[in-house]
Amino acid sequence: MIGRSPGAVVATIGVVGVLLAAAVQLQAARERVYPQARETEQSLYLRSGIALRRMTGAYNALAADLYWIRAIQYYGGTKQRLDALGAVRPGSAPLAPAADAYPLLYPLLDIATTLDPRFNIAYRFGAIYLAESYPRGANRPDLAITLLEKGLRERPDKWEYMEDIGFVHYWFRHDFRAAADWFKRASDVPGAPWWLRSMSATTLAQGGDRQSSRAMWTAIRQSAELEWLRNDADRRLLQLQALDVMDQLQSAITSYAQRSGVQPDWQALVSARVLRGMPLDPTGTPFELSDGRVHLSTSSPLWPLPEEPAVAVQPPS
Amino acid sequence: MRVTAAIAISVFRESVRDKVLYNLVFFAMLLTASSYLIGQLTAGQDVKIIKDLGLSATSLFGLFIAVFIGIGLVSKEVERRSIYSLLAKPITRGQLVLGKYCGLTLTLAVNIGVMALALYAVLAYMTWGLSAEARLVWETAPLDPALMKAVLLIFFELMLVTALALFFSTFSSPMLSAALTFGLYIVGHFSGDLRNFQQVVDSPAAARFARGLYWVLPNLAQFDVKNDVVHGVHVPVGYLAMTGAYAAVYIAMLLAISMLVFSRRDFK
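Residues numbered from 1 in each chain as written. Chains lettered and ligands numbered in written order. Predicted model: local features only at pLDDT ≥ 70, side-chain atom pairs only at ≥ 80, totals over all residues.

**Brief notes about the overall build of chain B**
The helix and strand tally for chain B stands at 13 helices and zero strands. Written out in order from the N terminus, the α and β elements of chain B read α-α-α-α-α-α-α-α-α-α-α-α-α. Projected onto its principal axes, the C-alpha positions of chain B cover 70 × 55 × 30 Å. Across the 268 residues of chain B, 39% fall into the buried class. Across chain B, every contact between residues at least 6 apart in sequence was considered, and the portion connecting residues at least 24 apart equals 82%. (Helix = DSSP H or I, 4+ residues; strand = E, 2+ residues; numbered from the N terminus. Buried ≥ 20, exposed ≤ 12 C-beta atoms within 10 Å, placed from the backbone. Contact = placed C-beta atoms within 7 Å.)

Pasting the structure below:
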């Protein structure tokens, strides 16, 4: 059947095309009749980075890249799945801890950095998304710090990791003394930017207040090498702006309620000319009001807002 | 010398006829496709990953060429019985072995040279027109000349592997030669463990034996500086020179043994 004449070649190509199209159609039909489960269980068969380092031999940098890509895909996929499952419920309390939301994120980053101990971005990615609150992150600042300390063992002169550890202590643990210590350590490294020293002092004196938080994120934004680090800093700055607006709104609502003796809704506040219109957060999403309290909408890109410490740190005596 | 060169060129031509250079097309396609896909997947690490991928593929493709062609250099002549007509010519067996080795080395040099050029071309394409802000993320310049240090050491390593494959093929079957060469390649990358064997065994004799093996077996781990150059870690020229000298001496030793074995082999 398969000859060498031009006609035979064309006929063969045609047959191959028809068969391939049939295979595609059959597969599509099978998927329609027996749909594949949307959720596939994520698993990590090999958890020892050292064992993988042995197995990959001269190609461990390439293996590290594969684990890095897998970590990114895993994070993005899990976040999408959580969103689809309704992890973000309207009106739900923010920051509901879910320690097992991203169970493979740390092992994947740990393996990537064991295979390539100089994989700078993997440490910095981990600093943000391991520490980040649920559902945007694993809610595990302890693991973020463990990963960054591992990076520091490999590169003790990397002030960026010290800055990141300080930031995890500051933002997620509210341990401003530890944060100030790490900013100070970072500032002592030759080549570190000048503002780390002032950030250390500010953190110790006024840690936790919005002004020092704003100063920290502005500095991080200016020094960020990566676009997603800059975007993250921008988001944090907008969150702080949203908190300021919410405080102003809350104050106006409370005084209106005291004057009128009723808990108002937005419409009542607009009618009473307390507000000019429906209040929006910095991303343009309307704020929510229930039981006299202003909330950020769970559909806002800024949700969940950071927890703020009840009392700012006291300066050392 | 002229005889050796003539044999080397004939080996190179044969490898071209055998479509060995087709792997370059595959390599170029792999890098081009990857440069697009990786940009979507890696959160700003595309240049690092293309460098890793390019250097690893250069090393891996070269390894397959070195082993699978290296083991057939002599055994194919024996199988096809063309060895008789070759040896009837005014060629010594030593010249034949050396010429075969040089021919395959030339094939590898052309392959690796073209793959390095392709890697630089893809990196230039990926970074062309990027803003200064986007460039901040790079630890090293995308078109960093230091990449050539890794390429050079890959070439040295493959020359050594070729010599190993040729050595085994002078006295054993192609399958066994391939298995032994791959085995030594793996051992060569972990030979550092043999040096510190006393940390895991109590027997001083076993530790001494392992340490002896460490010195005798080819140490291939020293040729792997891919990760260093990608992260911008300086690789001194002295290191390149000493590693190159090690490769030259080890290759000379293997070729000498290969010539000796081949010269004593009976083809009746």
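Next comes the rest of the description.
**Topic: helix α6 (residues 93–127) of chain B**
Its 35 residues give α6(B) an end-to-end C-alpha distance of 51 Å, which sits within 8% of 51 Å, the value for a rise of 1.5 Å per residue. Immediately downstream of α6(B), the backbone of Gly129(B) shows phi near 80 degrees, a positive value. (Expected span 1.5 Å × (residues − 1).)

**Let's talk about the confidence of the model for chain A**
Residues and elements named next belong to chain A. Across chain A, pLDDT averages 82, with 88% of residues at or above 70. Per-element confidence in chain A ranges from a low mean pLDDT of 80 for helix α10 (residues 210–223) to a high of 94 for helix α6 (residues 141–154). Considering only residues more than four positions removed or in separate chains, one finds that residues 89–96, a stretch of pLDDT under 50, has eleven contacts. Predicted confidence is poor over residues 312–317, with pLDDT under 50, and the contacts of this stretch with residues over four places away or in other chains come to twelve contacts. (pLDDT = per-residue confidence, 0-100.)

**Details of the interface of chain A and chain B**
Contact residues are listed per partner, giving 18 residues for chain A and 20 residues for chain B. For the side of chain A that touches chain B, the elements supplying multiple residues, two or more each, are α3 (60–84), α5 (120–129) and α11 (227–260) of chain A. Residues that form the side of chain A that touches chain B fall into these classes: eleven nonpolar, two polar and five charged. (Nonpolar A, V, L, I, M, F, W, Y, C, P; charged D, E, K, R; others polar.)

**Some remarks on helix α4 (residues 72–79) of chain B**
Residue and element names in this part refer to chain B. Here α4 has its buried residues at Gly72, Leu73 and Val74. Packed against the buried residues of α4 are α1 (2–17), α3 (46–70), α6, α8 (147–169), α9 (174–189) and α13 (237–263). Residue Arg81 follows α4 closely and has a positive phi angle near 60 degrees.

**A short note on the packing of helix α7 (residues 159–173) of chain A against helix α8 (residues 176–188) of chain A**
Residue and element names in this part refer to chain A. At a minimum axis separation of 8 Å, α7 and α8 run at an interaxial angle of 170 degrees. Viewed along their axes, α7 and α8 adopt a mutual orientation that is roughly antiparallel. Regarding α7 and α8, the two cross each other, and that crossing is left-handed. Contacts from Trp159, Met162, Glu163, Ile165, Gly166, His169 and Tyr170 of α7 reach α8 at Phe176, Ala178, Ala179, Trp182, Phe183, Arg185 and Ala186. Of the residues that constitute the contact of α7 with α8, the class distribution is ten nonpolar, two polar and two charged. (Axes fitted to C-alpha atoms, helices over the stretch in contact; angles between N-to-C directions. Parallel < 35°, antiparallel > 145°, perpendicular 65-115°, else oblique. Left-handed = near helix turned anticlockwise from the far one by under 90°.)

**Digging into the confidence of the model for chain B**
Should the pLDDT be low somewhere, the predicted coordinates at that spot are not to be read in detail. Residues and elements named next belong to chain B. Per-residue pLDDT for chain B has a mean of 86; in total, 95% of the residues score no lower than 70. The secondary-structure element of chain B with the lowest mean pLDDT is helix α7 (residues 132–135), recorded at 67, while α8 shows the highest, at 95. Overall fold confidence (pTM) sits at 0.73, and the ipTM for the predicted complex is 0.70.

**Describing the environment of Tyr123(A)**
All names here are of chain A. For Tyr123, the location among the structural elements is in helix α5. Judged by the 26 C-beta atoms lying within 10 Å of it, Tyr123 falls in the buried class. Considered as a pair, Tyr123 and His169 are 46 residues apart in the sequence and their alpha carbons are 16 Å apart.

**Things to note about the nonpolar core**
In a soluble, globular protein the nonpolar side chains are often hidden away together inside. If you look at the biggest cluster of nonpolar residues, it comprises 126 residues, and the most contacted ones within it are Leu105(A) and Ala112(A). Sort the elements by how many residues they give to this core and α8(B) lands first, with 17 residues. Once residues within four sequence positions are removed from consideration, Leu105(A) is found in contact with Ala71(A), Tyr74(A), Tyr75(A), Tyr129(A), Leu130(A) and Ala138(A). (Core = buried A, V, L, I, M, F, W, Y, C linked by C-beta atoms within 7 Å.)

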